[in-house]
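# Per-entry structural report
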Protein chains: 4
Amino acid sequence: MVVQQLMVQKGLRYRMYQELVPEARLRGISVANMLVVTLVLLSFLFLALETEPALNSQPHWQAVFRVFNIFVVAAFAVEYLLRVFIAGLDPQYAGIGGRLKYMTRFYSIADLLAFLPELVVMALGLGVPLIALRVLRLFRLIKIARFVPAFDIFGAAVKRAGSQLLTALAMALMLVYVSAVALYFIEGVGGEHQESFASIPRAIWWAIATLTTVGYGDVYPVTPLGRMFASVIAVAGIGVVALPAGVFASAFSDELRERQEAKQDAVAHAYTAQAERTPEGTVPLPGTSGNLED
Amino acid sequence: MVVQQLMVQKGLRYRMYQELVPEARLRGISVANMLVVTLVLLSFLFLALETEPALNSQPHWQAVFRVFNIFVVAAFAVEYLLRVFIAGLDPQYAGIGGRLKYMTRFYSIADLLAFLPELVVMALGLGVPLIALRVLRLFRLIKIARFVPAFDIFGAAVKRAGSQLLTALAMALMLVYVSAVALYFIEGVGGEHQESFASIPRAIWWAIATLTTVGYGDVYPVTPLGRMFASVIAVAGIGVVALPAGVFASAFSDELRERQEAKQDAVAHAYTAQAERTPEGTVPLPGTSGNLED
Amino acid sequence: MVVQQLMVQKGLRYRMYQELVPEARLRGISVANMLVVTLVLLSFLFLALETEPALNSQPHWQAVFRVFNIFVVAAFAVEYLLRVFIAGLDPQYAGIGGRLKYMTRFYSIADLLAFLPELVVMALGLGVPLIALRVLRLFRLIKIARFVPAFDIFGAAVKRAGSQLLTALAMALMLVYVSAVALYFIEGVGGEHQESFASIPRAIWWAIATLTTVGYGDVYPVTPLGRMFASVIAVAGIGVVALPAGVFASAFSDELRERQEAKQDAVAHAYTAQAERTPEGTVPLPGTSGNLED
Amino acid sequence: MVVQQLMVQKGLRYRMYQELVPEARLRGISVANMLVVTLVLLSFLFLALETEPALNSQPHWQAVFRVFNIFVVAAFAVEYLLRVFIAGLDPQYAGIGGRLKYMTRFYSIADLLAFLPELVVMALGLGVPLIALRVLRLFRLIKIARFVPAFDIFGAAVKRAGSQLLTALAMALMLVYVSAVALYFIEGVGGEHQESFASIPRAIWWAIATLTTVGYGDVYPVTPLGRMFASVIAVAGIGVVALPAGVFASAFSDELRERQEAKQDAVAHAYTAQAERTPEGTVPLPGTSGNLED
């Protein structure tokens, strides 16, 4: 009886391990983790809606926000406890010492910060200004960074672009500065003494808006000379300021392609290896060396 | 006599088949189908003009619109009947059962929707608000999707870009969100309490306009800190938000090149095959296996 | 004496041929033709300045414009006569018949139109509205198109991009149209009934300004739904509308590179061939087969 | 004693040579030169802040600016003297004649101009308008151009792009001109006689803002015909005006990659060569042939 129950429990924990630990899967994302990602994304949507005066002034919406927040905090608390409990299946996190080791991991701390501050405030009924708490919700980004490769690739692409990105950025900033100084003298010191060009920092705002081609239209030269300079700067400079973005985009694209190829190879190898090692039907637990002592 | 007349009719139907069925041609587009495409494009032009108050308030233009609409509906009705009639030349659509099978095809239903709703309204003289009918005219896009490869390629390019497009899109959206949150706190909560940054959704509108470099100028930061953040976001972020577009453009270009090469090969093969199979001058009907029973 | 003078004249005409006929040079541009290009560019600069009310209202500038225009017309008249006179050195344009044949060439007619209309008006002292004459000055573009390869390459690049450009353009236009229809219904028919979205043509103006990222800021959605749609359209659509430009830029770049390589080969061959054919120092007249009968 | 002190001094001068002369290092930048770069960048930041009325009207900030400027001028003066003193270690600049030769180098003059004008004004207590002096500070850019490869690469990339860049630029400018002429006639001469299109130069300002997609929104067509033309110009022309930037970006990227590869090779060679030549531990002074007579 005890043995059987243990087997069931072990089977359930196995299943949960497969569901919760991303490394337990060769590819894709489990249903449970997909739910976590969805919940995080939903909490970002609600964070946005909560700040909208047209909504948060209505009692109806206030109730919706309150219920949703309680639900999210509860869900993330349960998820956290489950993750800590299940971590023991991995030998390196087995026992209480292992659990503590697990809880001090970067991702585990992020998991804790995703619900604890709001839970404390809710429990104590404190009147802490909600706005400070809301910022903490951005930590939930880290929760999903594990599953969404985009975040990881971002950093890798920046690193890959390295000195090229730095050189391009240096050139872009220098061009922005020189353009701003030129227009400051033409439009701010001379010309019609425009308020928007009355200092170099203000002219930098114009230079950024122009050279990135955003062009809000809040600042623009009005004298013929200023327009002549601005035209030359725009035609010649747009390529320079777009350089960092182009360098990064190229590095990102290369990084992504290499990873996809590497992943496909890894998956192919893993399946092959598994097929070779387990012809008798014994499925080893990924992430462990097959023997569990907990 | 009967035989001869049959031959003539058969010859005419052969000709019509070649004109109306796009698959009956190795390449290019027939005169009849070119007319259909032109008529659809013209109907889009008129749909646009009809909505312009400066035109639809003048009796002169109202008459033009009415006549054109009747003409288009009549033309598409005739085209539909012809297509159904001629479809029988293809063995799989022969007979009444075949015709019904033909009429339930996706493209045939689109052909029907392109004229039937307006025909019914015209016939009954109903006072249905025209605006609802006008939307249905967008279904005419499907009519020409058969002949214009661009539509088909669009979907194929999205599929080809696949996970790269998704990753790029995820990064772009996350950057938009984080930028919006930052500016919401700087310009909306703090700063000059700008109405345009008073909530995260409103700040997202700013972030989209800035990071896509559209920059309408209806929303922009005014505090020094906000402008500093916006500058950094603009210089660093434009490349990220342009990534999905770049990934798609690249996939589209690859797809297009491959198709052109494949098509050229196919045409070359088809001509070669035809030349080999029919040295005695017998021209087989493309799309059928050569024997027609109808 | 007569023979010597003829030799001198012939030598002078040889020199003028080398100076005026672009095909007479293996590469680069002669001093005389460089002068013509400079004069055309200057005439464009003056055409622009002449239209500026701040300048053309001042008697001082009016005099400058009058003198410059007379000078340019005279210079182009002299150039035209010289070109016709010198063309005879080429056997195919020798004699009066040859000269007439030369004068009906496309480039010769452009040379004539570059000065004749204004010369006639000046000679007759007519009070013709100057503005009509000014447009004719744009024909001077053709005068320099001979020397500036950019114009020629433009057309070649469009031809090279061919069906790819057409497909990309079709997709871009369709996206513009569909976006405009969507925003017309959201912002014009529904929403706040904005005047700027009150018809599909007006909404197309918004769609063009947005999808090209120009974003003047004269038209933009104000309702939440409109902004949501516009955001999706902007992020997803910018790549599509930028496609034709990208396709063209790529074709232009390829065309340019190939031409440069071809030209370098041609120059290398020409020099080699010349060195082989003329070891005794006889320099053949390029553009003719070496024998001149005029 | 004297000999020992000389050795120490020589050792110190060696160390200073290694620190100050960029060519004395195989790669990277020394701490002293990094300080100089930082100081120049800081002086640009302060130059910008000094022009801001919100700051320079406050006595507190005025004091900060004054102290910082004195510090920078003193630091650059010391740096200059040190550089001249240390230059003698290089045989070609040894002795007083060598020092004079060193002082007339381009970079040495830039070093002098970086502090002398302001030093003179400070010393004499002159009431020279500060604004003229501030412009001279831009010469400090040259001071750091030695250490930051981006400046050098900029010129090399322009040279590399060469005739392609010129052709693309010619096409872009011609398109801007023709677009401006078209809109001048449609919106300025005809249409609503808009002030912003009342001359070709003004229309060029519109064309630049549109074709670079900056789109400030200070000028835009309002007539249906003008908008139609502007739409066609925008969709078709953006690629053309973006061409020069694209050509340059591509050349810059190629140049950068080649240099990095070349530098890596050079460093590898240098280390190999050094390892081969100095197995006994004698480190030769880079930039000199090993023997110093000063």
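To keep things clear, this report deals only with the structure shown in the data block. None of the values given here were measured: they were computed from a predicted structure.

Moving on, we come to the overall build of chain A. The helix and strand tally for chain A stands at twelve helices and zero strands. Reading the secondary structure of chain A in the N-to-C direction produces α-α-α-α-α-α-α-α-α-α-α-α. When the 294 residues of chain A are sorted by exposure, 33% land in the buried category.

Turning our eyes to something else, we now look at the environment of Val 158 of chain D. All names here are of chain D. With respect to the element layout, Val 158 can be found in helix 10 (residues 149-189). Residue Val 158 is classed as partly exposed on the basis of its 15 C-beta neighbours within 10 Å. Residues Val 158 and Ala 77, spaced 81 residues apart in sequence, show a C-alpha to C-alpha distance of 34 Å. Discounting residues that sit within four places of it in the chain, Val 158 has contacts with Leu 165 and Phe 248.

Attention now goes to the relation of the copies chain C and chain D. Superposing chain C onto chain D takes a rotation of 90° plus a shift of 0.0 Å along the axis, which leaves an RMSD of 0.1 Å. Between the two chains, the operation in question is that of a four-fold axis. Mapped onto chain D, only 12% of the interface residues of chain C are again interface residues, and the two copies thus contact each other with different surfaces.

Right, let's get into the interface of chain A and chain B. In this assembly, 33 residues from chain A lie in contact with 27 residues from chain B. Where the side of chain A that touches chain B is concerned, the elements lending two or more residues are helix 2 (31-50), helix 10 (149-189), helix 11 (200-211) and helix 12 (224-277) of chain A. In terms of residues, the side of chain A that touches chain B owes the most to one element, helix 12 of chain A, which gives eight residues. Taken together, the residues of the side of chain A that touches chain B break down into 25 nonpolar, six polar and two charged.

Let's shift gears to the interface of chain C and chain D. Taken together, the contacts link 33 residues of chain C with 27 residues of chain D. For the side of chain C that touches chain D, the secondary-structure elements that each account for two or more residues are helix 2 (31-50), helix 10 (149-189), helix 11 (200-211) and helix 12 (224-277) of chain C. Considering every element that reaches the side of chain C that touches chain D, the biggest residue donor is helix 12 of chain C, with eight residues. Of the residues contributing to the side of chain C that touches chain D, the split by class is 25 nonpolar, six polar and two charged.

Rules used in this analysis
- Residues numbered from 1 in each chain as written.
- Chains lettered and ligands numbered in written order.
- Predicted model: local features only at pLDDT ≥ 70, side-chain atom pairs only at ≥ 80, totals over all residues.
- Helix = DSSP H or I, 4+ residues; strand = E, 2+ residues; numbered from the N terminus.
- Buried ≥ 20, exposed ≤ 12 C-beta atoms within 10 Å, placed from the backbone.
- Contact = placed C-beta atoms within 7 Å.
- Least-squares fit on C-alpha atoms with pLDDT ≥ 70 in both.
- Nonpolar A, V, L, I, M, F, W, Y, C, P; charged D, E, K, R; others polar.

Take it as geometry only, folks, not as evidence of what the structure does.
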